[in-house]
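Given next are the chains, with one letter for each unit.
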Amino acid sequence: MPAKALKVILTRRLPEPVETRMNELFDVELNATDTPMSREQLSDAMARADVLVPTLGDRVDQGLLAQAGDGLRLIANYGAGFDHIDVQTALQRGIMVSNTPGVLTDDTADMTMAMILSVPRRLREGNLQMQQDKWEGWSPTALMGHRIGGKRLGILGMGRIGQAVAHRARAFGLQVHYHNRRRLHPDTETALEATYWESFDQMLARVDILTIHVPHTPSTFHLLNARRLKLMKPSAFVINTARGEVIDENALTRMLRAGEIAGAGLDVFENGNDVNPRLRGLDNVLLLPHMSSATVEGRLDMGEKVIINIKTYADGHRPPDQVVPAML
Ligand code: DGY
């Protein structure tokens, strides 16, 4: 089908240059108000589209896929994570799914480092003191945090983002430890000066800061559960810029409040934007609204990837970023 004839429906607003380019290339339906689509609206879009461009928060499940129109052949997700899409069912129905890997790596790794620095060094509390005009001047004992250099950083998930974090962490003098499904090639391990732990549990007990970089899948759901959190030192910090579902948020909240974990930096939450209210207001917790990849450059690159995926499909080929069963 000629690209211009492809009905491409976007579920959310995308950066203006991305929408403009899509308008030039395809028959695009935009979401001018940026209001997230209801299930009914999503179902209607899937009945009419040749290509759906959803993003995080649009739950494309079995039920919706069962009602998809015959024209729908590609779900070109705007985002790297695809845990909101039932890829298996989509593939069974002959619908390809693509994502936008790679272009969020550095931005997410930068933000992870920002959290790794901010939480042990108590930036949240310092900023609050200034904002509330409560600073009474320098004091030798005020707002003492913990030195970053020399600490053990545990990285759960050593894919693109995990490795980008390791690279940055070395520059700050952190000792890099990691647990991954597969051990890295020895050359990569040497370059990152990274120590591999086959046992996640054993690594947990030894690290000072843990940072999460695995996707949300059935096997990573609550990987950091109450039992494992208890293995960590009470002086340890937890950072999560991956997916909230990987941590048992209630267990973490209880332990943060009880002083059994020293602090946390969280950019993602178990139930989307429905954040456990007991996490709010804690001095030792930095909360961010899922903004790790939010840079102008990154969002444009993501749009470029979506366009290439759709254009390649329109030209009769498989999208370069197709999600394949081996990735599930
Ligand atoms: C993604 O693309 O999956 C990211 O989580 C967005 O920040």
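The structure displayed is predicted, hence computed values, not measured ones.

## Quick notes on the sheet that holds strand E3 (residues 51-53)
Argument step 1. Read across the open sheet, the five strands follow the order E2-E1-E3-E4-E5; overall the sheet is parallel. The sheet terminates laterally at strand E2 (27-29) and strand E5 (96-98), the two strands that pair on one side only. In this sheet, neighbouring strand axes are inclined to one another by 20° on average, regardless of whether the strands run parallel or antiparallel.
Argument step 2. For E3 and strand E4 (residues 74-76), the ladder comprises two bridges, and the chain directions are parallel. By the bridge assignment for E4, Leu52 is matched with Ile75.
Argument step 3. Contacting strand E1 (7-10), E3, E4 and E5, helix H12 (residues 296-314) runs over the sheet at an angle of about 165° to E4.

## Some points on the packing of helix H5 (residues 105-118) against helix H7 (residues 160-171)
Argument step 1. The N-to-C vectors of H5 and H7 enclose an angle of 50°; their axes lie 9 Å apart at closest approach. Classified by the angle between their axes, H5 and H7 sit oblique to one another. Taken as a pair, H5 and H7 cross one another with a handedness that is right-handed. Of H7, the residues touching H5 (which contributes Thr105, Asp106, Thr108, Ala109, Asp110, Thr112, Met113 and Ile116) are Arg160, Ile161, Ala164, Val165, Arg168 and Ala169.
Argument step 2. The class makeup of the residues in the contact of H5 with H7 is seven nonpolar, three polar and four charged.

## Some points on the side chain of Thr11
Argument step 1. With respect to the element layout, Thr11 can be found in the loop between E1 and helix H1 (16-25).
Argument step 2. Within the structure, Thr11 has its side chain in polar contact with the side chain of Asp58 (distance 2.5 Å).
Argument step 3. In this view, Thr11 contacts Asn31, Thr35, Met37, Leu42, Leu52, Val53, Pro54, Thr55 and Asp58; residues no more than four positions away in its chain are not counted.

## A word on the sheet that holds strand E10 (residues 237-240)
Argument step 1. The sheet built from seven strands is open, its strands ordered E8-E7-E6-E9-E10-E11-E12 with parallel pairing. Unpaired on one side and paired on the other, strand E8 (194-196) and strand E12 (285-287) mark the two borders of the sheet. Here the average twist between neighbouring strands, direction ignored, is 20°.
Argument step 2. Pairing of strand E6 (residues 152-156) with strand E7 (residues 175-179) involves five bridges; the strand directions are parallel.

## Quick look at the site of the ligand
Argument step 1. The local shell around the ligand consists of Leu56, Gly79, Ala80, Gly81, Leu104, Arg243, His290 and Ser293.
Argument step 2. A distance of 2.7 Å is found between an oxygen atom of the ligand and a backbone nitrogen or oxygen belonging to Ala80.
Argument step 3. His290 is positioned such that a nitrogen or oxygen atom in its side chain is 3.0 Å from an oxygen atom of the ligand.
Argument step 4. Computed on the free molecule, the ligand has an accessible area of 230 Å², of which 87% lies beneath the protein chains in the complex.
Argument step 5. Its residues assigned to classes, the shell around the ligand shows three nonpolar, four polar and one charged.

## Concerning the packing of aromatic side chains
Each aromatic ring pair is described using two quantities: the centre-to-centre distance and the angle formed by the ring planes.
Argument step 1. What the rule picks out here adds up to one aromatic pair.
Argument step 2. Taking 5.2 Å as the distance between ring centres and 50° as the angle between the ring planes, the aromatic pair formed by Tyr178 and Tyr196 counts as tilted. Taken together, the residues span a long stretch of sequence, with Tyr178 in strand E7 and Tyr196 in strand E8 at a distance of 18 residues.
Argument step 3. Take Tyr178: its relative accessible area is 0%, and that puts it in the buried class.

Basis of the calculations
- Residues numbered from 1 in each chain as written.
- Predicted model: local features only at pLDDT ≥ 70, side-chain atom pairs only at ≥ 80, totals over all residues.
- Heavy atoms only, no water.
- Pairing = 2+ DSSP bridges.
- Helix = DSSP H or I, 4+ residues; strand = E, 2+ residues; numbered from the N terminus.
- Axes fitted to C-alpha atoms, helices over the stretch in contact; angles between N-to-C directions.
- Contact = heavy atoms within 4.5 Å.
- Parallel < 35°, antiparallel > 145°, perpendicular 65-115°, else oblique.
- Left-handed = near helix turned anticlockwise from the far one by under 90°.
- Nonpolar A, V, L, I, M, F, W, Y, C, P; charged D, E, K, R; others polar.
- Polar contact = N/O pair within 3.5 Å; in protein donor to acceptor, adjacent residues only side chain to side chain.
- Near = heavy atom within 4 Å.
- Areas by Shrake-Rupley, 256 points an atom, 1.4 Å probe, with all protein chains shown as cover.
- Phe/Tyr/Trp six-rings, centres within 6.5 Å; stacked < 30°, edge-to-face > 60°.
- Buried < 20%, exposed > 50% of the residue type's maximum accessible area, 1.4 Å probe, protein only.

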